[in-house]
Amino acid sequence: MTAVGTPAATPPPRRRQAGPLIPEGPVRASAHICQAAGCQSMGSDRLLEVLSDEVLGAGLRDVAVGRVGCLGLCSAGPLVAVPEQGRVFERVRPDDGASRQDLLSSLSGEAKGGRPLAGDSFFSPQVKVVLERSGTVDPERVDDYVASGGYTALAKAVSEMAPEEVVAEVVKSGLRGRGGAGYPTGLKWRTVAIQDSHAGKYVVCNADEGDPGAFMDRSVLESCPHQVLEGMAIAGYAVGASQGYVYVRAEYPLAVKRLSHAIREAGREGFLGREVAGTRFGFEVEVRIGAGAFVCGEETALIASVQGGRGTPRPRPPYPAASGLWGCPTLINNVETFANIPAVVAKGGEWLASMGTERSKGTKVFALAGAVANTGLIEVPMGVTLREIVFGIGGGLAPGRRFKAVQTGGPAGGCIPEDLLDMPVDYESLTQAGSMMGSGGMIVMDDTSCMVDVAKFFMDFCREESCGKCAPCRVGTQEMWRFLDRMTRGAGTRRDLEQLESLADMVRSTSLCGLGQGAPNSVFSTLRYFRDEYLAHIDDRVCPAGVCAMNAGGRSEAVPAGVGVAGVGSPK
Amino acid sequence: MSEVRTLQIDGKDVAARSDQTILSAAQDNEIGIPTLCHLEGLSDVGACRLCVVEVEGTPKLLPSCTTRVEEGMKITTTSERLVAYRRKMIEMFFVERNHICAVCVANNHCELQDLATRLGVDHFDLPLMHPKLPVDATHERFAIDHNRCILCTRCVRVCDEVEQAHTWDVAGRGAESLIVSDLGTPWGSSTTCTSCGKCVQVCPTGALFEKGRSVAEPKARRPYLPYLVRVAEREQ
């Protein structure tokens, strides 16, 4: 065998066809290259070609090179899994032959290097329901999804179950909305199912993920779009809708591409269309692309946007379940919620309900980011502690750094301090701690993060994203940002702090939608646990973390907090 | 078909039709709730948030202009908390753009000014934002001064719902929201504007005004609106 990785005198033979390399005979080993946006941004699409050429060049006729979805450890991309050996290889770069050496020896039979999946602190504590096929199936091949048991739940639902039975199963599972608010999914389905509508009903998948640092939905759509489509079709059957829409943000081009491809594939295979799985139930799905407004994740604004209007929310009630798209009953669920559905139907509601805590069932996907060793996408059962996530799966902080807080719930969430690290992660506990589950962003911060600056960062996000319809949010977020900005410049006063608190209370109580109602939360939660940092800025004109410029005269522009975000497409 | 609902507003037992909003039920009973974006004859959007009320058993404040009455509701329209919030909202409108009453065409005929007086807002605590915004005086008879606009969207709604021209709309977002004519082109070159002047009549402040009028001169004729709506409905 020629030495791999060293520049060969003659380049290895080029393959005629781009894409996955599938051997003609039996497969002894396979390299699964992550093709989600995070790894692609590190060149994993080129890696597919380079590695295939190399495998061919090395004469490994029984080795397959395939593309899969997100493998989770996004900070160490491009990632390549060798499932036969249960190993994941990190930072395998297309332009660096040395980085591929261990992988190639592994593929040729000599197990070497990489990170074993079993017993690994990052991989093994995770429980995968939503991400079950993420990293194992080719996101662009429906056959892969079907071979892994995909679409059997849909077939079972439409051919063996009555719509009410499907709803009952979802109710039994205890599944709650994964988009943020945690409304019981079964209850929502039942509300839509019992509506009488001559003009039809709709199912909408909310993929307008926009929290800073959060990329769970993007990853699911990029890794296994069929799972979401299957969930939507089951929902359509359960509530009596024949048309579905996926509202996905334009900043996710790869997700849009894979989703659109999956819709065509599913239509061709008869999983979507006029006769789903050969029955009389028909269900079509269309993609609607957002134009870059965070507020369109709010369901009434999303509806306005799908209908072609300006994406602004309207007061509820009426809720979309009664009057949504074009005034018809509309079921709106998040990507992750729909991705749970096939498993709930296939394995039964009780199966999901067996995981998690009393009131929060199943698992939750988090985008773990910030000051921990392992950042990326994780899925854990509800009820694990924050400590397990930060110091177990996350691998702890860099040497010499001290943990300060973990931010959950996005702009409407809050910061949870060290003494609450043993709190279980579920909807109620997080809310009680002054934060929220949100869609699943989780940002770990160490002592180099200033909490006033963090509050300012999230307020800056909210003021940028306020739609401008209601005054408390439009003006309030601006004014709160101004107070915070003054403090970070060392020009804040005690009076400013009082004003900020009263303003925050007013904006929370009077804003029209969740964006405004949640915007003050970054202020509330940081004040609740880190008031001393505010006071240091105000009384002593000192930023304890050394982040803020404190140049009272100057005018600092909004700078993002010291938050490292894994993956790409982080919104702004 | 509407039914009768009985409820309590500020401790007073009132009866209302099931299709009525809290605001309209309150008004029928001479209970005044401050409003700005609401205008009789136009659809309600619940945007200014001045009319929020407390409803027993509901943790959230509800906008009375868009919330329908329900049997047995117990509503509080005025409380210390609500008044404090409303004052803050008025203050927000004032600090957001440039509202100097003494030089405003709407002085003494301004709903924002009236509300400030009524709620006792006589000074501002919040930092002034004062962006420099354009004035569009390209229209032959009217002009729009964005510095005085509070984004209530009454002009947008009257133009769309009553005149059915839809010349006005909102562009931008957040604090950068701006009322625009057509697709952001000068009002004077608008191909949809019928020059009916309804937007000028419904503007609560001095943002939309008739040219040639001086400070404190013009008085809007808003009560015509419900009449126009009824005529339009009859014609259909």
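What counts and how
Residues numbered from 1 in each chain as written. Chains lettered and ligands numbered in written order. Predicted model: local features only at pLDDT ≥ 70, side-chain atom pairs only at ≥ 80, totals over all residues. Pairing = 2+ DSSP bridges. Helix = DSSP H or I, 4+ residues; strand = E, 2+ residues; numbered from the N terminus. Domains from an automatic or database assignment. Contact = placed C-beta atoms within 7 Å. Axes fitted to C-alpha atoms, helices over the stretch in contact; angles between N-to-C directions. Left-handed = near helix turned anticlockwise from the far one by under 90°. Buried ≥ 20, exposed ≤ 12 C-beta atoms within 10 Å, placed from the backbone. Right-handed = clockwise from strand over helix to strand, strands pointing away.

Remarks on the sheet that holds strand β2 (residues 63-68) of chain A
All names here are of chain A.
Step number 1: If you walk across this open sheet you meet the five strands as β2-β1-β3-β4-β5, and the pairing is mixed. With partners counted over all chains shown, the strands left at the sheet margins are β2 and β5 (115-116), one partner each.
Step number 2: Bridge count between strand β1 (residues 29-34) and β2: six bridges; the pairing is parallel. Counterpart to C34 in the pairing with β2 is V68.

Points about the domain arrangement of chain A
Where the parts come together, the accessible area they lose is often given as the size of the interface.
All names here are of chain A.
Step number 1: According to the domain assignment, chain A contains domain 1 (29-116), domain 2 (142-353), domain 3 (363-446) and domain 4 (451-539).
Step number 2: Centre-to-centre, using C-alpha coordinates, domain 3 lies 22 Å away from domain 4.
Step number 3: With eleven residues of domain 3 at the interface, the matching set in domain 4 holds 15 residues.
Step number 4: Looking at the side of domain 3 that touches domain 4, the elements with two or more residues in it are β12 (403-408) and β13 (414-417).
Step number 5: Of the residues forming the side of domain 3 that touches domain 4, the biggest block, three residues, is contributed by β13.

A short note on the packing of helix α2 (residues 80-96) of chain B against helix α3 (residues 111-119) of chain B
Residue and element names in this part refer to chain B.
Step number 1: Their axes nearest at 10 Å, the elements α2 and α3 cross at an angle of 145°. Relative to α3, α2 is oriented so that their crossing is left-handed. In this structure, α2 uses V83, R86, R87, I90 and F93 to contact α3, whose residues at the interface are L112, L115, A116 and L119.

Let's talk about the pairing of strand β7 (residues 243-249) of chain A
All names here are of chain A.
Step number 1: Burial of β7 is extensive: six of the seven residues sit out of reach of the surface.
Step number 2: Where strand β6 (residues 202-207) and β7 come together, six bridges link them in parallel fashion. Bridge pairing links N206 to Y247 in β7.
Step number 3: Handedness of the crossover joining β7 and strand β8 (residues 284-290) through helix α10 (residues 253-268) is recorded here as right-handed.

Structural notes on the sheet that holds strand β9 (residues 330-334) of chain A
All names here are of chain A.
Step number 1: Strands sit in the order β8-β7-β6-β9 across an open sheet of four strands; the sheet is parallel. The sheet is open, and its two edges are formed by β8 and β9, each paired on a single side. Mean inter-strand twist for the sheet, computed between neighbouring axes without regard to direction, equals 20°.

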